[in-house]
Amino acid sequence: MGTTHTDTAAGYRISLMDEDPLRARREARELLATLAEADPRAALDIPHQHTVADTDKGGPVTELIGLVFSGGSLVAAGIQIWLARVPQRTVVITRPDGTTLRVSGREVRANDQLIERFLSGNNSGDADADEDGSGQE
């Protein structure tokens, strides 16, 4: 299986966001196992811990777990298959240039080459791609 690191500059990234930290970590490990078959350098990307000072109330906390991988069509196929199994799942994929694609399992089912085109740098016609390169949604 892959490794864990915190190098935020390496490769392509997938971010999984979930209000349930255990589910987010479980899904990240499940996706990592899928990606590691096609890309042995795939790794969990653990964000720096954010601390909340003196708070006894608050809204839901969203757990953000990421994966870093080197790209490629086999990895894209693995992501698409993983996403298509649960249509409610949504991930954000970020290319090294900072361009992002927010995609759900429903979108992957409707367009089976969406992620592969995005990873190859061809995002023409992909309305979800963030064209300003800021990496922000």
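This section reports on the structure supplied with the text.

## Some thoughts on the environment of Thr90
Phase 1 of the analysis: As for its placement among the helices and strands, Thr90 is situated in strand β5 (residues 90-94).
Phase 2 of the analysis: Separated by 72 residues in the primary sequence, Thr90 and Asp18 place their C-alpha atoms 9.4 Å from one another.
Phase 3 of the analysis: For Thr90, the contacting residues outside a window of four places in its chain are Arg102, Val103 and Ser104.

## Remarks on the side chain of Asp45
Phase 1 of the analysis: As for its placement among the helices and strands, Asp45 is situated in strand β3 (residues 43-45).
Phase 2 of the analysis: The class of Asp45 is buried, set by a relative accessible area of 10%.
Phase 3 of the analysis: Among the polar contacts made by the side chain of Asp45, one reaches the side chain of Arg13 at a distance of 2.3 Å.

## A few points about the pattern of salt bridges
Phase 1 of the analysis: Inspection of every chain in the model, using the stated rule, returns six salt bridges.
Phase 2 of the analysis: The partner of Glu30 in a salt bridge is Arg85, and the shortest N-O contact between them spans 2.3 Å. Note that Glu30 is positioned in helix α1 (residues 21-38) and Arg85 in helix α2 (residues 73-85), a separation of 55 residues in sequence.
Phase 3 of the analysis: Relative accessible area serves as the criterion here: at 28%, Glu30 is assigned to the partly exposed category.
Phase 4 of the analysis: Between Asp97 and Arg95 there is a salt bridge; the shortest N-O distance is 3.5 Å.
Phase 5 of the analysis: What you see here is one network of salt bridges that share partners, running through Glu27, Glu30, Arg85 and Arg89.

## Some thoughts on the packing of aromatic side chains
Phase 1 of the analysis: Taken as a whole and judged by the stated rule, the model has one aromatic pair.
Phase 2 of the analysis: On the numbers, 5.6 Å between centres and 20° between planes, the contact of Tyr12 with Phe69 is stacked. Of the two residues, Tyr12 is situated in strand β2 (residues 12-18) and Phe69 in strand β4 (residues 63-69); the sequence distance between them amounts to 57 residues. You'll find Tyr12 and Phe69 in the same group, each marked buried.
Phase 3 of the analysis: A cation over a ring is seen here: Arg89 above Trp82, with NZ or CZ 3.8 Å from the ring centre.
Phase 4 of the analysis: The ring of Phe118 has Arg95 sitting right over it, with the charged end atom 4.6 Å from the ring centre.

## A look at α2
Phase 1 of the analysis: An ideal rise of 1.5 Å per residue puts 18 Å on 13 residues; α2 measures up with 19 Å between its terminal C-alpha atoms.
Phase 2 of the analysis: Listing the buried residues of α2 in full gives Val75, Ala76, Gly78, Ile79, Gln80, Trp82, Leu83 and Ala84.

Cut-off values and rules
- Residues numbered from 1 in each chain as written.
- Predicted model: local features only at pLDDT ≥ 70, side-chain atom pairs only at ≥ 80, totals over all residues.
- Heavy atoms only, no water.
- Helix = DSSP H or I, 4+ residues; strand = E, 2+ residues; numbered from the N terminus.
- Contact = heavy atoms within 4.5 Å.
- Buried < 20%, exposed > 50% of the residue type's maximum accessible area, 1.4 Å probe, protein only.
- Polar contact = N/O pair within 3.5 Å; in protein donor to acceptor, adjacent residues only side chain to side chain.
- Salt bridge = Lys/Arg side-chain N within 4 Å of Asp/Glu carboxyl O.
- Phe/Tyr/Trp six-rings, centres within 6.5 Å; stacked < 30°, edge-to-face > 60°.
- Lys NZ or Arg CZ within 6 Å of the ring centre and 35° of its normal.
- Expected span 1.5 Å × (residues − 1).

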